[in-house]
Amino acid sequence: MEPWVELGYKIVDEIERGAGLVVVFAPTGFGKTMSSPYLLEEALRRGLATRLIHVVPNRALLREIYSGKFRELGEKLGLNVAYQSMDRIPGALKSPYFLSDLIVTTLESFLLNIYKFPPVEVVKVAEGRSQGHYYPSIAALLTSIVVLDEAHIYVGEYEDRYADLVISAIKALAELKVPVVLETATISIKLLRGIAGSVTSNTSILYVCPEGVECPQLERLKMLKEFGSNVNQVPLASNTTSVKWATRIANSYNEAVREAREMCREKVVLFITNTVDKAVETYKMLKDDCSSTLIHSRLKEGDKVKALSKVADIKNEGRGLIVASPIVEVGVDIDADVLVSEIAPVENIVQRAGRLCRDLRRRGGGCDAQVVLFSGDSGFYNETTTSKTFDELMRIGNLEWRALWNTSNGVTYAEILDSVYQSLDIGKPLPYQIFENIVKNDIRPLMVSERELEPLSVLEEFKSLSLVKILVGSENSDLDEEYVLMDLSQLKYFEKNMRCLERSEEGSVRVALVTRKGGSMHVKSNVYSTVLAKALEEGRFRLRTLRQLGDELFKSLDEEEYLIDYFLVARRECYKEGLGIYVE
């Protein structure tokens, strides 16, 4: 039996014993994601749930899991497998109300549904044109098992505005007797105690640790009185020790660049910086030295496809250079030999190191992995966390970057993880009570008057409502390949530094509308929006702004013409082919 199958059965055992929250610690590369289909199959057999909702942090990881793992396996197990995200996968089954057996969904869509804003209707709800049909998705949630994959990304110590929404949802679901499974390789004990302490139902911990090895984090968990007998060692086989790690810290960024230049001629080198602008700068310095590609979030969709195709070519060639921003930490299929990385919080370095030596079968069962770290810009990461990580790396030296136990390679990364966060004041505010009440009770936040709602609007917490599509290519080409998806706060920065968007003399933003009339699609490109210009000044959408935008754009439509989508039009010099949008 494969270890992830057995892990799925063990999770079901804990749920049947009454655990409302099951926390699974397993090393990167273990295959914990693959436990979900078997978990559901066994839960259905025992009558514990009717479906499983597998939540992932982003669309890239969703596509990898749905298309590459769950769809085929689900068919073999007799499960109806679907996905839900704010985009479309051609030829795939979409389930916006979570009504299939096994659903892979992004965190954004999961939270929208759980807070009673169906993703397919969220714009109508925000604009006040509908209250949304949220009962089907709530009914589905109440009869499901919820698995939060890569949980550290959205409940982390210094995570963004979603952390409060997620923790509130976990609390509410536990009280509603909906089992929640957190799967992680990098949650510190300090954060786990905070989450488990807020849940009224039993918490069970499953910790993957083979027999006869030292798992220091597991031993510390066993000593905590709030967990005690609910901490279970799972002695499953793992191939993580087949990787031999060598870690060192370069003296400077320039030294790291020189090493990457030398190694990429013989090995696959993954070079990750903490910011997009630094990634572009690095790529421009190294792109002519070996077969190379650049991946980051501010590439247009067509260039992302080309970059991912080049990643596959480099993997097949067995040598080359992949320069990237942190976007590749999850959801991008990379199998490199060497990681050259800017110092980041320890959990992010663990994820980056997880891109090394992934396909051990192709490598004959073993692999030598090199990690070269250099100090630089902390980017959007917390400077104190990054600094503490650097200090701990200097103190410990060589690390075991994949296993949760100490090996002959070095001390497990879990030692640094707990050490870094133990002495830090996390400073997370308590989850808003209104968030929890919305999940547990039959109330809708938008039914509160806008004046009462303004200080604490749940819907305004969602990133998708601040995301806009920037058209960087021709309006006569395939628009789905010619746009960059960007948060308004990011776009505000670029407008300040390089005046990226086309505007009228009065300052209104030029917009391209995709419309349908009489069964055919049209593009209207000479529309200007004052509402978008004002939203850009603020760096986010308010509910009233969305309603005003809807009214403004609909005035540009002809009779019997329907709005499908809209794009903000960028000046051509704003985007560099293959490099994206960046500030030089």
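It should be emphasised that the depicted structure is a prediction, and the values quoted were computed from it without experimental measurement.

A. Structural context of the packing of helix α13 (residues 346–353) against helix α15 (residues 413–422). Taken N-terminus to C-terminus, the directions of α13 and α15 make an angle of 155°; their axes are 9 Å apart at the nearest point. Between α13 and α15, the crossing angle belongs to the class labelled roughly antiparallel. Packed against α13, whose contacting residues are V346, E347 and V350, the element α15 presents Y413, I416, L417 and Y421 at the interface.

B. Representation of helix α14 (residues 383–396). Spanning 14 residues, α14 covers 20 Å between terminal C-alpha atoms, matching the ideal 20 Å at 1.5 Å per step. Listing the buried residues of α14 in full gives T385, T386, T389, E392 and L393. Along α14, the residues classed as buried sweep out an arc of 125° about the axis, all on the same side. Every exposed residue of α14 that faces more than 90 degrees away from the buried side is listed here: E383, M394 and R395. In this fold, the buried residues of α14 make contact with β9 (243–249), α13, β14 (367–374), β15 (399–400) and α15.

C. Expanded view of the side chain of D303. Summarising the element assignment, D303 is placed in helix α12 (residues 301–317). It turns out D303 is buried and unbridged, and the closest side chain with the opposite charge, K306, is 4.1 Å from it. Each residue touching D303, except ones within four places of it in the same chain, is listed here: Y575, E577 and G578.

D. A look at the state of the cysteines. In the structure shown here, the tally under the stated rule is four disulfides. Disulfide pairing is shown between C357 and C367; the S-S distance is 1.9 Å. Its torsion about the S-S bond being -55°, the disulfide of C357 and C367 is classed as left-handed. Placement of the pair is C357 in the loop between α13 and β14 and C367 in strand β14, with a sequence separation of ten residues. Residue classification places C367 among the buried residues on the basis of a relative accessible area of 8%. A sulfur-sulfur distance of 1.6 Å marks the disulfide that ties C500 to C574. Taking the sign of the torsion about the S-S bond as the criterion, the disulfide between C500 and C574, at about -75°, is left-handed. Here C500 is found in the loop between α18 (488–498) and β19 (509–517), whereas its partner C574 is found in the segment after β21 (562–569), with 74 residues between them in sequence. When the cysteines of the protein that form disulfides are numbered from the N-terminus onward, they connect as 1-2, 3-4, 5-6, 7-8.

Rules and cut-offs
- Residues numbered from 1 in each chain as written.
- Predicted model: local features only at pLDDT ≥ 70, side-chain atom pairs only at ≥ 80, totals over all residues.
- Heavy atoms only, no water.
- Axes fitted to C-alpha atoms, helices over the stretch in contact; angles between N-to-C directions.
- Helix = DSSP H or I, 4+ residues; strand = E, 2+ residues; numbered from the N terminus.
- Parallel < 35°, antiparallel > 145°, perpendicular 65-115°, else oblique.
- Contact = heavy atoms within 4.5 Å.
- Expected span 1.5 Å × (residues − 1).
- Buried < 20%, exposed > 50% of the residue type's maximum accessible area, 1.4 Å probe, protein only.
- Arc of directions from axis to C-beta.
- Lys, Arg positive; Asp, Glu negative; His and termini not counted.
- Salt bridge = Lys/Arg side-chain N within 4 Å of Asp/Glu carboxyl O.
- Disulfide = S-S within 2.5 Å.

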